[in-house]
Amino acid sequence: MDVYKYEKIRNVVLLGHGGSGKTTLTEAMAYVTGAIKRKGRVEDGNTISDYDKEENTRLFSIGTSVVPVVWEGTKINVLDSPGYFDFKGEVEEALYAADAAVIVVSAKAGVEVGTHKAWEYCERYKLPRIFFVTDMDDDNASYRQVVEDLTAAYGKRIAPFQLPIRENEKFVGFVNVVKMGGRRFNEDGTYVDGDIPDYSMPNLQICRDALLEAVAETSEELMDKYFNGEEFTQTEMSTALRSSVSDCSLVPVLMGSGISGYGVRMLLQEIEKYFPAPNRKVITGINQKTGDSFAADFDENKPFSAQVFKTIADPFVGKLSLIKITSGVLKNDMTIYNANKEAEVKLSRLYILQGKEQIEVTELHAGDIGAISKLNNTTTGDTLSSKDNPIIFDPIKTSEPFEYMRYKAKNKGDEDKISQALAKMMEEDLTLKVVNDAANRQTLLYGIGAQQLEVVVSKLLSRYKVEIELKKPRIPYRETLRKKTEVRNKYKKQSGGHGQYGDVQIIFEPSGDMEKQYVFEEKIFGGAVPKNFFPAVEKGIAESVLKGPLAAFPVYGLKATLTDGSYHPVDSSELAFKMATIGAFKQGFMEATPIILEPIETLTVVVPDKFTGDVMGDLNKRRGRVMGMNPTGSGKTEVVAEVPMSEICGYSTDLRSMTGGYGEYSYEFNRYDPAPADVQAKVIEDNAKYLDKPEEN
Ligand SMILES: Nc1nc2c(ncn2[C@@H]2O[C@H](COP(=O)(O)OP(=O)(O)O)[C@@H](O)[C@H]2O)c(=O)[nH]1
Ligand SMILES: [Mg+2]
């Protein structure tokens, strides 16, 4: 692969609803540009982009792939991102490397949730974009419906650059609205000039007028020309359209088919023509030595810097750090420095990736995308630079995971291998998180959604040959007491040989401090219990509160006061007093009106206004209390509610089906509340089996 300078580089992320045709379009672009000799199909599991085993078995993309193609001397780094929402971490990483986006919409399925989410990403990251309406080879395709729906949603920024030409229902060509000419496809997807069909005229005029208006709005000079009824030159059109696309005030709509390849050449041409080179963006870091800010800005005349936007930790190919050069030139024999990890490395090899293929290159210039292997200390988001000019950029932000399951090793002894494998997976996927919830004797796996967690289970088996089971997480309930009781308990074993004797009288009562599990005091008079056994009594309390007698959950808010007891000069021991205390606690706690406390979360749900009622109704069914509803602008409402944690397990799936995938949610712990009687009864019933025996994870 040649060396490309920024003006000849385009970094383009493909966004859009799952199944809209992104991977197929990537394949068509690679084929049309000669990057691949034979076109694969998603169904056959042989596309350049969906190369992972999991992607082939499930027939959809899970990870973002980089597929560089060259069109008329310009290198287009295509970032094919997954459409399914569980894998949005991959999309968010790709958005850092992209300078523009192609939003793929199926003309068959029409505008979908994923289309709107793609638009929101582009608005948030201020990415110039083009809509590519694919599936035009399908008889049920309706380009008109897609354009209408996009215009309804996003107004006059939507600018159709093409109109379809059909003969006998078959998609045979298009009208170029910018150049006002008809085009007919040849079998191989190339096209020739042709007539504009009469039936296109009315629509063409509408689209053309809108385009001319948009061009006129780009400058006073052009506005004057427009009002004087003068024609714009093609150069004026292109320049004006390029600036409108770059500043996101205009979003062209193109069409075609990833399967037939029709329209793909036009898309490549428009990407080269209208999308900006990487230096349109700015990026600033801090020099760790001087504290000065360093405006890298994809300027190749500045010292080298790069940002790691993705990590592949594959057991077979080893670790790959995918980088975007943010300034200067990186050569394959340079010594680079990771200021985040304060680690210096002498490079031996430098790659570009083409799907899973690693192609060696000698150098990469500012704005380009490549990969470095075996940077063991480096993680996604790190900055690479040089020791002389040690730079750190802001880290890469991805969504926080809220969906979680309890997991356990299927085969005893695999625990270490599993945590090492999960550590590798978390390097690859920033939206994965493992939490060791020791208090509730469980390890938790967090992700964006259930599908992602399933993929983790499958990857652990296929890549690392270890198995886990996902289980419903244990809710971290707590136990506490309501009343004051006083109990006397004797622990006595005196049947020959060294006996055991411990006798305690303890007051158990609420301490009033729910942050603490217990406070222990002693009010012994006359040495009824020798001082040296006080720690043993407290130890008995400390052990008892780890697993309450009501439902085996940790006890909080207990005050225990040792008030009396007796001892035996020979048989009394720390163990005897600890056991006496544990017995006293079991009895005293159960006589003090013990209750279950349940964790309450503050849940924030953001949905389009039309779903607010459904969300509220559903929250009521989850014993939720709505605390507020705030319009967030752009037709969305934020609903804030207090909901028991037990009621939001699996919420991501439910919210997705309630809102067609539009809903976003997050939650944070708020407080513990007494559980209602029916909930308490259920918790006690479900956990009775753990009272006497230690739980397995
Ligand atoms: N007929 C037709 N099918 C397509 C086209 N593009 C994609 N598909 C099919 O739609 C399905 C999803 O395509 P894929 O590229 O995986 O979509 P992605 O999830 O957006 O990457 C696959 O079965 C493809 O064969 C197209 O232009 N025409
Ligand atoms: Mg795909």
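Residues numbered from 1 in each chain as written. Chains lettered and ligands numbered in written order. Predicted model: local features only at pLDDT ≥ 70, side-chain atom pairs only at ≥ 80, totals over all residues. Heavy atoms only, no water.

Observations concerning the coordination of the magnesium ion (ligand 2)
Note on the magnesium ion (ligand 2): its protein donors are Thr 23 (OG1) and Ser 61 (OG). The metal-donor distances range over 2.0 to 2.1 Å. Within this pair, whereas Thr 23 is found in helix α1 (residues 22–32), its partner Ser 61 is found in the loop between α2 (53–58) and β2 (65–71), the two being separated by 38 residues in sequence. The two residues Thr 23 and Ser 61 agree in class, both being buried. (Donors = N, O, S within 2.8 Å, 3.2 Å for Na, K, Ca; no water. Helix = DSSP H or I, 4+ residues; strand = E, 2+ residues; numbered from the N terminus. Buried < 20%, exposed > 50% of the residue type's maximum accessible area, 1.4 Å probe, protein only.)

Examining the site of ligand 1
Taken together, 17 residues lie near ligand 1, and Gly 19, Lys 22, Thr 24, Glu 43 and Asp 137 sit nearest. For ligand 1, an oxygen atom lies 3.3 Å from a polar atom in the backbone of Ser 20. One nitrogen or oxygen atom from the main chain of Gly 258 is found 3.0 Å from an oxygen atom belonging to ligand 1. Computed on the free molecule, ligand 1 has an accessible area of 570 Å², of which 85% lies beneath the protein chains in the complex. Among the elements that take part in the shell around ligand 1, α1 stands out by supplying three residues, more than any other. Taken together, the residues of the shell around ligand 1 sort by class into two nonpolar, 11 polar and four charged. (Near = heavy atom within 4 Å. Polar contact = N/O pair within 3.5 Å; in protein donor to acceptor, adjacent residues only side chain to side chain. Areas by Shrake-Rupley, 256 points an atom, 1.4 Å probe, with all protein chains shown as cover. Nonpolar A, V, L, I, M, F, W, Y, C, P; charged D, E, K, R; others polar.)

Looking at the state of the cysteines
Here a disulfide denotes a covalent bond joining the sulfur atom of one cysteine to the sulfur atom of another. Tallied over the entire structure, the rule returns zero disulfides. Summary of cysteine pairing: Cys 122 is not part of a disulfide, and the nearest cysteine sulfur, belonging to Cys 248, is at 7.8 Å. On the basis of relative accessibility, which here comes to 0%, the residue Cys 122 falls in the buried class. (Disulfide = S-S within 2.5 Å.)

Describing a negative patch on the surface
Together, Glu 220, Glu 221, Asp 224 and Glu 230 make up a region of like negative charge exposed at the surface. With respect to the secondary-structure elements, Glu 230 resides in the loop between α7 (220–227) and α8 (234–246). (Patch = residues over 30% accessible without salt bridge, like charges linked within 9 Å, V, L, I, M, F, W, Y side chains within 5 Å. Salt bridge = Lys/Arg side-chain N within 4 Å of Asp/Glu carboxyl O. Lys, Arg positive; Asp, Glu negative; His and termini not counted. Charge placed at Lys NZ, Arg CZ, Asp CG, Glu CD.)

Some details on the domain arrangement of the protein chain
Here the protein chain is partitioned into domain 1 (6–280), domain 2 (284–392), domain 3 (403–471), domain 4 (479–592) and domain 5 (598–684). With centres defined by C-alpha atoms, the gap from domain 1 to domain 3 works out at 38 Å. Across the boundary between the two partners, domain 1 contributes 14 residues, which contact 14 residues of domain 3. Taking both partners together, domain 1 and domain 3 bury about 1,100 Å²; carbon and sulfur atoms supply 52% of that area. Ranking the residues of domain 1 by area buried against domain 3 places Glu 54, Arg 58 and Asp 86 at the top, with a combined share of 45%. Our count for the contact surface shared by domain 1 and domain 3 stands at one salt bridge. Note that Arg 463 is salt-bridged to Asp 52, the shortest N-O span being 3.0 Å. Our count for the domain 1 to domain 3 interface comes out at six residue pairs in polar contact (both at pLDDT 80 or more). (Domains from an automatic or database assignment. Contact = heavy atoms within 4.5 Å. Buried area = accessible area lost by both parts, 1.4 Å probe.)

With respect to helix α5 (residues 143–154)
Spanning 12 residues, α5 covers 16 Å between terminal C-alpha atoms, matching the ideal 16 Å at 1.5 Å per step. The set of residues buried in α5 consists of Tyr 143, Val 146, Val 147, Leu 150 and Tyr 154. Along the long axis of α5, the arc covered by the buried residues comes to 95°, so they all point the same way. In α5, the exposed positions that point more than 90 degrees away from the buried face belong to Arg 144 and Ala 152. Packed against the buried residues of α5 are β4 (100–106), α4 (113–124), β5 (129–134), β6 (158–160), β7 (162–167) and β11 (251–255). In the stretch just after α5, Gly 155 is the one whose phi turns positive, near 75°. (Expected span 1.5 Å × (residues − 1). Arc of directions from axis to C-beta.)

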